[in-house]
Amino acid sequence: METLKLYNLAEKSGITVDRFSLPENGSVSLLHDGKLYIALDSNIKTNAEERVCLAHELGHCETLGFYNMYAPIDVRSKHENKADRWAIKRLVPEEKYRRALRNGYTDINSLAEFFDVTDEFMEKAVQYYSKNNI
């Protein structure tokens, strides 16, 4: 999914997206008084970073996978994993991933570049698809 389509999805879903200084997190999403919000770090440097942060936070919003800061770690990781899965399916769709592998994109760096995502996110996608025998 292209970056512009991610922003369009947010707008269509009534999700406010704004930029703030968030150097520690890179991005955050929240549900407050029935409204959804996404904040992206104003210092994001690459399109790949922006896409990954926005898609991950959209994953929280679209699945309503939120937790509070006092929740136990296992609940927190459940919501993070759900948001990652949502983002992986949009940024690294299964069929396009298979095609990329068949066309010789086999290392993390070349796959990340092909899909315009970060290396860290591509590692998550490869693990997800490997775990699910894809």
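Residues numbered from 1 in each chain as written. Predicted model: local features only at pLDDT ≥ 70, side-chain atom pairs only at ≥ 80, totals over all residues. Heavy atoms only, no water.

(A) Region of the structure containing the overall build of the chain. Looking only at helices and strands, one finds six helices and three strands in the chain. Ordered by position in the sequence, the α and β elements of the chain form the string α-β-β-β-α-α-α-α-α. The C-alpha atoms of the chain give 15 Å as radius of gyration, which agrees with the globular expectation for 134 residues (14 Å, within 12%). With respect to the three principal axes, the spread of C-alpha positions in the chain is 45 × 30 × 30 Å. Looking at the 134 residues of the chain, the share that counts as buried comes to 37%. Taking as baseline every contact in the chain between residues at least 6 positions apart, the subset at least 24 positions apart corresponds to 50%. Of the roughly 8100 Å² that the chain leaves accessible, carbon and sulfur atoms contribute 49%. (Helix = DSSP H or I, 4+ residues; strand = E, 2+ residues; numbered from the N terminus. Rg over C-alpha atoms; globule rule 2.2 N^0.38 Å. Buried < 20%, exposed > 50% of the residue type's maximum accessible area, 1.4 Å probe, protein only. Contact = heavy atoms within 4.5 Å. Areas by Shrake-Rupley, 256 points an atom, 1.4 Å probe, with all protein chains shown as cover.)

(B) Just the pairing of strand S3 (residues 35-41), in detail. Along S3, five of the seven residues are buried, which leaves the element largely enclosed by surrounding structure. Where strand S1 (residues 16-20) lies against S3, five bridges are found, and the strand directions are parallel. The residue of S3 that forms the bridge with valine 17 is isoleucine 38. Bridge count for strand S2 (residues 27-32) against S3 is six bridges, and the pairing is antiparallel. Note that in S3 the partner of valine 28 across the bridge is alanine 39. If you look at the hairpin formed by S2 and S3, you'll find two residues sitting between the two strands, and aspartate 33 has a positive phi there, around 50°. (Pairing = 2+ DSSP bridges.)

(C) Spotlight on the side chain of histidine 60. One can find histidine 60 in helix H2 (residues 47-63). A distance of 3.4 Å separates a polar atom in the side chain of histidine 60 from a polar atom in the side chain of glutamate 80. If sequence neighbours within four positions are ignored, histidine 60 has contacts with Ser29, Gly65, Phe66, Tyr67, His79, Glu80 and Ala83. (Polar contact = N/O pair within 3.5 Å; in protein donor to acceptor, adjacent residues only side chain to side chain.)

(D) Region of the structure containing the sheet that holds S3. The strand order across the open sheet formed by three strands is S1-S3-S2, and the pairing between neighbours is mixed. The two strands at the open ends of the sheet, each matched to only one other strand, are S1 and S2. Across the sheet, the mean angle from the axis of one strand to that of its neighbour is 25°, orientation sign disregarded. In this fold H2 packs onto S1, S2 and S3, with an angle of close to 160° to the strand it touches most, S3. (Axes fitted to C-alpha atoms, helices over the stretch in contact; angles between N-to-C directions.)

(E) Region of the structure containing the packing of aromatic side chains. Across all of its chains, the model carries four aromatic pairs by this definition. Arranged with centres 4.6 Å apart and planes meeting at 40°, the rings of tyrosine 105 and phenylalanine 114 form a pair that is tilted. Classification of tyrosine 105 by relative accessible area gives partly exposed; the value is 30%. With 5.1 Å between their ring centres and 65° between their planes, tyrosine 128 and tyrosine 129 make a pair best called edge-to-face. In this structure, tyrosine 128 and tyrosine 129 share a single accessibility class: buried. Within the aromatic cluster, the residues linked to one another by ring pairs are Tyr97, Tyr128 and Tyr129. (Phe/Tyr/Trp six-rings, centres within 6.5 Å; stacked < 30°, edge-to-face > 60°.)

Remember, this is a structural readout, not a statement about activity or role.
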